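Observations on chain architecture
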Amino acid sequence: MTQTNMRRANQHARIKREPGFQQPMPNSGLARIDEDDNSTVAHSEVERRMQRSDAPSVDTRLAPGASVIGDMDVDGEDEDDECMLMEVKTKTEVVEQDLPTPRSFVNMDRSFIGPGQALKDFGQELKDINDALGELQARGIQHVVSLPELVLVGDQSSGKSSLMSAIAGLSLPRSSGTCTRCPIHIRISRADEWSCRVFLKEDYAFVPRNHPITLQDVTDRDRFPPWVKLDPSRQTRKEFKTIRDRFDAEEIETLLRCAQVAILNPSTPYRFFVPRLKNESGQSDAARREHLDRIKEKEAHGEAQFSPNTVALEVKGPDLADLNFYDLPGVFITAKRPEDRFLERVVRNLTCEYISRQNAIILWAVPMNQDAENSFAFKLIQEMNAEDRCVGVMTKADLLPRETNGFSSWLSMLNEQAHRTGLGYFITSRQGSDLDEQNKFEEAFFNRTADSATMGQWPEIFEKYRDRCGIEKLKEFLSITLGREFSKVLPEVKQKVYNRLLRIEEQLEKYPNPPPNPEMEIMRSLAEFATNVKTRVLQQEFMSQWDCLFAEPFKKRILGCKPKFNVKEPDVITIDDNSPMTTPAPLGQTPRKRSMAQDIAMTPSKRRGHIKVEDSDRMVMSPSTSATMRGTPGPGNFPFSPGLGGGPPPRSKNLMELRTIIRRSAIPGQPGLVSASVYEPLYTEAARTWGPHLENFVNQTIQFLQNEVMKILDSAFSNLKNRAVYRESVEHMKYFMEKHKEEVRNQLNLIYNLETQRIFTKDEDALQRNKAAEKRILERHRHFLRMAVRTGESPAIRKMEELTEEELVQEQAKMAKELKVIGPDPYDQEITVAAYVRGYYLTAASRFIDIVAIHIMSGLLPRVASVIDTYLHEKLGLYSRTSGSGPEIFMRLMSEGPETERKRGELRVEKERLDQAMEIIVNLENKEQMATATAANSQVTTQMMSQGGHGGQRPELSIRTNANGGVATPVSERAPTPIGTYEA
C-alpha cells in the first residue's frame, strides 16, 4: 500500500460488522461502537484472513491502547505497520454501553484518532485506579475496610494454573504440590520496564500441635490448623526477591516455588529459601544447584502441608493489563491419603473465606472437558450466595467433547439458562510450553486456523460468543470491572481509613515518644521529687493532718483501754457485765450463787442496782479498731503483729473478784496491808492490749506517708511513667517505706515492751493526781449504787464534767448526809486499789502516747526528709561506677516495658500503613481531578474544531469521595487536594 493510500485508509477507515455477528450478552459489560455501512477497508491481509472460514475471524489479542470495548483494533500512521483491522458490518442503531464511557470518547464516528486517544486515556484511568487498589491491598488494610478483589477458584485440574499464568503474563509453577498449598496474590500493571517482585505476606502464625492433625482439629474456631490468625499489627509483608528477565520462565518458576516453600517452613528464616539466579555473579553453578537441592529437601519434608499465608507477586510490564487477583488452591472432595483428609476441609474453609468477602469478584474456572455439574467450587459459590459476584471462565476449550449434544450444557450456561453467574462467562484455550505458544495457539484455535487434525475445530455454534473468547478479552473485562467496583467504594474506604487514623492518634498519645534529652529529663524529675517530698513531710499542714487522722484516734484507743471495775453491790445480779451472780453474804464469807432462773424470775423493780455505766467507764473504739480487736482487719487496719502481743481487752472485774485477788496476795500476819504484787498484774493485763492499736497506728502512718510520696513521684515523673526509671523508682520507694516502717516498728516495740513489764514512774505528781481523780469517780458511782440498793430506785447518774461547781458542791453535801445513813463502804480497800491501778494506767498511757507520737513527728518524718535527696540517685545507679557508663544507665532508665514497646510499635506500624493508604487515595483523587480538567479542555477544543460535533459523557469511573459520608462534590468543582493531606 502506498503512503497516499495508507493516509486515505487512516482517514476513512470504518469497522464493518461481519455476517452472523450477534449482540454481546447483557451481562458482558462491553460497549459496542456502530459505524456506517458504507465504509470498507481494502487490505489484502484482511481479505486473506476472511477467506479462512465462512465464519468471521476473531482476534483474541489486544494491541497497545486497544480495548475490549467494541472489539476494536487501532492502527497507526506508520506505513511500515501492518493494518490489522477486522472487517465487519455494523447496524445503524445505537446500543447503550454498560461500562463507563471513556473520558475522551468524542466524535468516535469521524476518526480513528478519537477512539485511539480515548481508549488510551481510559486505560490510563484504569491503570491509576487498579494501581491504587493494588497498593492499598499491599498495605494490609483489609482489617479496616474491605477492598474489591478478584478471587480465582476452581476444582483441581480445572486449568487454574494456566489461567493464572495467562492473566499475570508470566509463567507460574504448574507442577503438582507446591502451587496448591497456599494462596497467591498477583498484581499486574503496565510499566515501561518489565519486573516481577515477590513478597511473603504472613497473616498467620505457625503453632505446631503435639499430635498429627486430623479432621477433628478443623473447627469453626480453628479453621486452618496449625495456623493461628495474627493481630493486624503483627502481620508482616517481607520482600523475597525481584527478577527482571521476563523470558526466563524457568527462573520465574524456581523463584515462586522457593517462595512457597518458605511459606510452608516458617521456622526457617525466609532468606534461606531465596534462590540464586543464573545471571547473578558471585555464585558458581555447583553452589547454586546445591542450594536448590537443599530447598527441594525442605519442600519434600516441609513443616506444614498447607498455609493460609500468601505469596504475593507484583508484575509490571509494557504490555500487561491492570489487575489484582488471588489464586486459591484447587478444592477437592477426596484426599489422596487418609492422613490428609483434614486438608479437604481446610482448603474448603480457605475458599469460603475468600468467597464470602462481599467486595470480592469471583473467577470460577470450569474445564470444558468435564461436567460442570460436578464442580465442587461452584457449589461453594452457591452456598455463599456469591453467584451475582461471579464470572465463569470456561477453560480447556480445545478439549471439548465433539458430540453435538455435548455442546448443549455449555450453551445453556452461556445463555444464562444453567449455572447462572452475574457477570457471565468467558472462554479460553491454553496449550503450549510458554506464554507465546499459548497465545498463538489460542488465537489460531478460536480463528479456526489451527491444524484440525491435532486439536479439532472450534465449533461454529459458539460463534455468537466470540466477544467472550480469549484471555485478552477476559483481562480487559476484569480490569474494567475491578476498577469500576473500586471507584464505587473509594469514598467509604477513605472515610474508614481516616477514622482509624484518628483512633490510632488517640492511642499513641498514651505512649509518647522519649524526650529529646533523657539525662536532663531524669535529673529534673529526681530533683523535683526530692524537693517536694522534703517540703511536704515537714509541712505543718501535713503533720496536722496526720495528727488528726491517726495520732488522736490512737490516743483515744489507748486511753480507752483503761482497766474496768464493776463497783455494784456483789449481791445484785446484772445482765450487762460478766460479774458472777451472787446473793448477799457477810463480809469475809463466800457468797452463795443464784441461778439464772431465779434472776430471770425477778421483776425489773426487784433488780436493784441495774444502773447504766458511765460512758467514761467504757472503752471507746472506732469500727476499724473494733475489727482489729476481733482479729480481723477493718478498713485501713492490719492484723496483729506477733511481736506486739494483744488480743481482746480483759473483762471488767467486780469488787468480790478484786477482794479475792487482794486476799490471795496478802502476807499472813499483816492484815489491812495490800501487797504491791496486786497492782502490777491488773495494770499489765490492760497495757498489753496496746499491741494491736500500736501496729495499726504504725501501718496507717506509713501508708499515709507512702501515699503522699507516691503522689509526688507520679507528679514529678508524669512524662516518664512508661519508662523504666519510673517503674524502678516506684519499687525503690516501696522498699524505702517498708524499711522505715520496720525501723519505726522496732523502736516502738521496744517502748511497748518496757511499758508492759512493770509499774514504774518518777512522775509522782501525775500519779497522785490521776489516782485521786479516779478514786473520786469510783467512790461517786459506788455511793449512788449503794443508795439505789437501799431505796430500791434507779437514779440517773450524770457525768461529773457535766455538773457546774455549784451542783458539785450540792452533790457532795448530799452524799455526806447519805453516807451517815448507809455507813462506811465495806469495799473501800478494793476501791482504793482500783483507783491506784487506773491512775497509774493513765500516767503510763499518756507517757506511751507521747513517746509514740514523737517518734513519728521528730524521728520518722525528719529522717525521710534527710535521706530522700540521694536515695533514688543511689538506687538507680547514678552514683555507682559499677552500673556502667552514664549513657548506658540513662538508656536503661529510659527503656520501656516490653508490652508498652510492643503496643507502640504495633500502632506505629499500622499508622504508617494507613498514612500510606491515605496518600494513595489522595494521589488518585488528584490525578482524577487533573485528568478531568484536561479532558474538559480537550472536549471544548474538539467541539470548536468539529463544528457541530457532540461531546462525550463523564466516565462513571470518576473518583468522587466525601470522607464525611455525604453526597460528594463533583471533582471538577473542587480544588485539588495537596498530596499528603487528608480530606475529611
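Our structure's up above, just so we're on the same page.
Let me sum up the structure you'll find in this document. Computed from a predicted model, the values in this text were never measured in an experiment.

1. Points about the nonpolar core
Counting residues in hydrophobic clusters, the biggest one holds 80 residues, and the most contacted among them are Phe 529, Trp 690 and Met 733. For this core, the leading source of residues is helix α23 (residues 828–875), giving 21 residues. Those residues in contact with Trp 690 that lie beyond four places of it in its chain are Ile 558, Cys 561, Tyr 683, Tyr 752, Glu 755, Tyr 841, Ala 844, Ala 845 and Phe 848. In terms of nonpolar packing, the next biggest core, distinct from the first, is built from 75 residues, Ile 243, Ala 259, Ile 295 and Leu 478 among them.

2. Remarks on the packing of helix α19 (residues 690–716) against α23
Two measures define how a pair of helices packs: the angle their axes make with one another and the distance between the axes. Their axes nearest at 12 Å, the elements α19 and α23 cross at an angle of 25 degrees. Classified by the angle their axes make, α19 and α23 are roughly parallel. As α19 packs across α23, the resulting crossing turns out to be right-handed. Two secondary-structure elements touch here, α19 through Trp 690, Leu 694, Phe 697, Thr 701, Ile 702, Leu 705 and Leu 713 and α23 through Tyr 841, Ala 844, Ala 845, Phe 848, Val 852, Ile 856, Leu 860, Leu 861, Val 864 and Leu 872. Looking at the contact of α19 with α23 residue by residue, the class counts come to 16 nonpolar, 1 polar and no charged.

3. Things to note about the packing of helix α4 (residues 160–168) against helix α12 (residues 471–508)
Orientation of α4 relative to α12, taken along the N-to-C sense of each, is 70 degrees, at an axis distance of 10 Å. Classified by the angle between their axes, α4 and α12 sit roughly perpendicular to one another. The element α4 and its partner α12 pack so that their crossing is right-handed. Between α4 and α12, the residues in contact are Leu 163, Ala 166 and Ile 167 and Ile 471, Leu 474, Lys 475 and Leu 478, respectively.

4. Observations regarding helix α22 (residues 805–822)
Relative to the 26 Å expected for 18 residues at 1.5 Å per residue, α22 spans 25 Å between its end C-alpha atoms, a close match to the ideal helical length. On its buried side, α22 packs onto α21 (764–791). Taken from the residues just after α22, Gly 823 is the one with a positive phi, measuring 85 degrees.

5. Section: the environment of Lys 379
Along the chain, Lys 379 falls in helix α8 (residues 376–383). The class for Lys 379 is partly exposed, based on a relative accessible area of 37%. Sequence spacing of Lys 379 and His 419 is 40 residues, and the spatial spacing of their C-alpha atoms is 10.0 Å. Residues within four places of Lys 379 in sequence aside, it is in contact with Glu 373 and Asn 374.

Rules used in this analysis
- Residues numbered from 1 in each chain as written.
- Predicted model: local features only at pLDDT ≥ 70, side-chain atom pairs only at ≥ 80, totals over all residues.
- Heavy atoms only, no water.
- Core = buried A, V, L, I, M, F, W, Y, C linked by side-chain atoms within 4.5 Å.
- Buried < 20%, exposed > 50% of the residue type's maximum accessible area, 1.4 Å probe, protein only.
- Helix = DSSP H or I, 4+ residues; strand = E, 2+ residues; numbered from the N terminus.
- Contact = heavy atoms within 4.5 Å.
- Axes fitted to C-alpha atoms, helices over the stretch in contact; angles between N-to-C directions.
- Parallel < 35°, antiparallel > 145°, perpendicular 65-115°, else oblique.
- Left-handed = near helix turned anticlockwise from the far one by under 90°.
- Nonpolar A, V, L, I, M, F, W, Y, C, P; charged D, E, K, R; others polar.
- Expected span 1.5 Å × (residues − 1).

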